[in-house]
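Spelled out, the chains give:
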Amino acid sequence: MSENILLKLCVAFLLIGCVAEHKSTDKEGSNEQVVDYFADNGFGNAVAVVQHPAGVYHKGITYVAYQGPLEDPYVASYNHTTNEWKGPYKAGISEMGKDPNRKKKIDNHGKPALLIDDAGFIHIAFGGHGGTPADGDNPLGNHHYGKNLHAVSKKPLDISEWETLDNISLFGTYSQFVKMENGDIYLFYRHGAHRSNWVYQKSTDNGKIFGEPVSFLKHKRRTEIEAEDSWYPWVSKGNGDDIIVAFDYHICRDSKNRQDARGHIPERHNVYYMVFDTKTGVWKNVKNEPLEMPLTKEMADMKTLVREIPNDWTFQGIADVDPYGNPQVCVLVGSDVGEKRSGPKRLQHFRWDGQEWLESKNTDLPIGNGDIDVISAKEVSIYLESKTSNDVGEISKWDSFNGGESFKKGTVFLQRKNTSFVISSLIDNPHPDARIIVGEKQEGSDFKKMYLLGDNGPIQRSQKEAKVLKK
Ligand code: ZN
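Quantities reported herein were computed from a predicted structural model and do not represent experimental measurements.

**Section: the coordination of the zinc ion**
Stage number 1. Protein ligation of the zinc ion involves His194 (ND1), His250 (NE2), Cys252 (SG) and His264 (NE2), the donor distances falling in the range 2.0 to 2.3 Å.
Stage number 2. Coordination at the zinc ion is tetrahedral: its 4 donor atoms span angles of 98 to 126° at the metal.
Stage number 3. Binding-site remark: the zinc ion is held by donors from one chain whose sequence spacing is H-x55-H-x1-C-x11-H.

Here it is as structure tokens:
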């Protein structure tokens, strides 16, 4: 009973905190308005789980990247010792977001991923959605739009000036950075539009030179139906030299096909998992069996399935490993409801116990996008955006202490009435005060207020500084 009251008080307090714009007193004694967001120029789906990490904590400072006006990448930083914000600075110019005549107004595929190399230079990859035929032949897939670009800070740990380099394939999209303990940088992305291989490019010199793209997931024409194999992986660092991948399958139907009158639809199925041992260069499944690369649909089904989900659709796999290397995977699952994907969904959690994949039977988890943090086989947290029953948008952490059999709502980082959020993956190596980046939808606008959230809620900023010129 008393716990219940305490919980309600906490929620009420949070809600009050949300609507009020706090006043604080600065050193000189004059009143200064502070707000919960750090910038108001997030644009479109300013952050997402797939383009990641969108933030890195490094030597006392959290660096964050997001899509801003005209779909250009913006970078800001927060110093946890001095409580000082810097930026946001425009870190590059996207090829997308500039054409007022384009049918799809905001492309959203070129959101930045961010990495800090061992010399302290900050890197972002951004702006791609497969390139166009004007960019020439795409040897690993098809074209769509934009140019994937790589920009680097001109000075170490200084976000104020950037240089765009010409050293990665412009056909990339959905950029995902991983840095290994020895400093090697891996940039993972899809090498083109839907009908393209997924690849990585590796750099061993802090991102000055990247090797040629290496394919790891293969797009392929199907013979029995009018469609092509396509993939959506989410790539992250495992233990030691391992890179882990959770992925689902997109059946990329021809726009006119004899199997489905709806033509090409965002239909995705199944959830898979595999590991890349970067020391040996060998890709493996969860049982340590080597995989022939690039992985085909046939081999994926045979060797890497976490769960076959043939009827419901899937969206956005995420994964993490425990200290023994045993993975846990989550994926959104829901009924086939056509383009809008608004049908009932559930967030499904799976755990590899060393022998088999266990599917959590819990119904506790809300429906939402987010990221997973595995502490041990039993202890796991999921960071989520969701809607509570009374139409309150919420960012919260859901904790399990029994390997996902049941989840309980833990920290609530942010709540807002009558709105929704977009959420990033977990910040790399996060400070407890800054774990995730979210964007809050503004009614009647394509702009979003951007928040940096941690165990103490949003990191605040003066209202004056958080108001960014939107051009
Ligand atoms: Zn497709």
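**Let's talk about the packing of aromatic side chains**
Stage number 1. According to the stated counting rule, one finds 24 aromatic pairs in the structure shown.
Stage number 2. Measuring from ring centre to ring centre gives 5.3 Å for Phe43 and Phe447, while their planes differ by 55°; the resulting arrangement is tilted. Residue Phe43 is located in strand β3 (residues 39-43), and its partner Phe447 is located in strand β32 (residues 447-454); the two are separated by 404 residues in the primary sequence.
Stage number 3. By relative accessible area, Phe43 is classed as buried at 13%.
Stage number 4. Cluster of aromatic residues (ring-pair linked, three or more members): Tyr186, Phe188, Tyr200, Phe216, Phe276 and Trp283.
Stage number 5. Positioned above the aromatic ring of Tyr145, the side-chain terminus of Arg102 is 3.4 Å from the ring centre.
Stage number 6. A cation over an aromatic ring shows up here: Lys297 above the ring of Tyr249, its NZ or CZ 4.6 Å from the ring centre.

**Things to note about the sheet that holds strand β8 (residues 113-116)**
Stage number 1. Spatial ordering of the open sheet is given by β8-β9-β10-β11, a layout of 4 strands whose pairing is antiparallel. The sheet is open, and its two edges are formed by β8 and β11 (158-165), each paired on a single side. In this sheet, neighbouring strand axes are inclined to one another by 30° on average, regardless of whether the strands run parallel or antiparallel.
Stage number 2. When strand β9 (residues 122-129) meets strand β10 (residues 145-155), the two strands line up antiparallel, connected through 6 bridges. Bridge pairing in β10 links His129 to Tyr145.

**Quick word on unusual backbone geometry**
For residues besides glycine, phi is generally negative; the peptide bonds are generally trans as well.
Stage number 1. At the junction of His52 and Pro53, the peptide bond is cis and its omega measures out at -5° in the coordinates.
Stage number 2. Along the chain, Pro53 falls in the loop between β3 and β4 (55-58).
Stage number 3. The backbone of Leu70 sits at a positive phi, close to 60°, despite the residue not being glycine.
Stage number 4. Here Leu70 shows up in the loop between β5 (61-67) and β6 (73-79).
Stage number 5. Even without being glycine, Asn270 reaches a positive phi, approximately 65°.

**What about the confidence of the model for the chain?**
Stage number 1. When pLDDT is averaged across the chain, the result is 92; 92% of the residues are at 70 or more.
Stage number 2. Considering only residues more than four positions removed or in separate chains, one finds that residues 9-29, a stretch of pLDDT under 50, has 27 contacts.

**What to know about the sheet that holds strand β27 (residues 380-388)**
Stage number 1. The antiparallel open sheet is built from 4 strands, whose spatial order is β26-β27-β28-β29. In the strand order of this sheet, the two ends are held by β26 (370-374) and β29 (408-417), each with one partner. If you compare each strand with its neighbour and ignore which way they point, the axes differ by 20° on average.
Stage number 2. As paired elements, β26 and β27 share 5 bridges and run antiparallel to each other. The residue of β27 that forms the bridge with Asp371 is Tyr383.

**Some details on the environment of Arg461**
Stage number 1. Structurally, Arg461 is set in strand β34 (residues 461-462).
Stage number 2. Its relative accessible area of 5% is what places Arg461 among the buried residues.
Stage number 3. Put simply, Arg461 and Gln33 are 428 residues apart on the chain and 8.6 Å apart in space, counted from C-alpha to C-alpha.
Stage number 4. Non-local contacts of Arg461, meaning those with residues more than four positions away in its chain, are made with Gln33, Val34, Val35, Tyr37, Phe38, Trp85, Lys86, Gly87, Pro88 and Ala466.
Stage number 5. Among the polar contacts made by the side chain of Arg461, one reaches the main-chain carbonyl oxygen of Gly87 at a distance of 2.8 Å.
Stage number 6. Within the structure, the side chain of Arg461 is placed 3.0 Å from the side chain of Glu465, a separation counted as a polar contact.

**Structural notes on the pattern of salt bridges**
Stage number 1. Tallied over the full model, the rule gives 29 salt bridges.
Stage number 2. Here Arg258 makes a salt bridge to Glu226, at a shortest N to O gap of 2.9 Å. One end of the pair, Arg258, is in the loop between β18 (242-253) and β19 (268-277); the other, Glu226, is in the loop between β16 (220-221) and β17 (227-237), and 32 residues separate them in sequence.
Stage number 3. Arg258 gets classed as exposed once you look at its relative accessible area, which sits at 72%.
Stage number 4. The closest approach of N and O atoms between Lys397 and Asp399, which form a salt bridge, is 3.2 Å. Of the two residues, Lys397 and Asp399, neither departs from the other in class, the shared state being buried.
Stage number 5. Each of Arg253, Asp260, Arg262 and Glu267 takes part in salt bridges that share partners, so that together they form one network.

Here is what the cut-offs are and how they apply
- Residues numbered from 1 in each chain as written.
- Predicted model: local features only at pLDDT ≥ 70, side-chain atom pairs only at ≥ 80, totals over all residues.
- Heavy atoms only, no water.
- Donors = N, O, S within 2.8 Å, 3.2 Å for Na, K, Ca; no water.
- Tetrahedral: all angles 85-135°; square planar, octahedral: opposite > 155°, others 65-115°.
- Phe/Tyr/Trp six-rings, centres within 6.5 Å; stacked < 30°, edge-to-face > 60°.
- Helix = DSSP H or I, 4+ residues; strand = E, 2+ residues; numbered from the N terminus.
- Buried < 20%, exposed > 50% of the residue type's maximum accessible area, 1.4 Å probe, protein only.
- Lys NZ or Arg CZ within 6 Å of the ring centre and 35° of its normal.
- Pairing = 2+ DSSP bridges.
- Axes fitted to C-alpha atoms, helices over the stretch in contact; angles between N-to-C directions.
- pLDDT = per-residue confidence, 0-100.
- Contact = heavy atoms within 4.5 Å.
- Polar contact = N/O pair within 3.5 Å; in protein donor to acceptor, adjacent residues only side chain to side chain.
- Salt bridge = Lys/Arg side-chain N within 4 Å of Asp/Glu carboxyl O.

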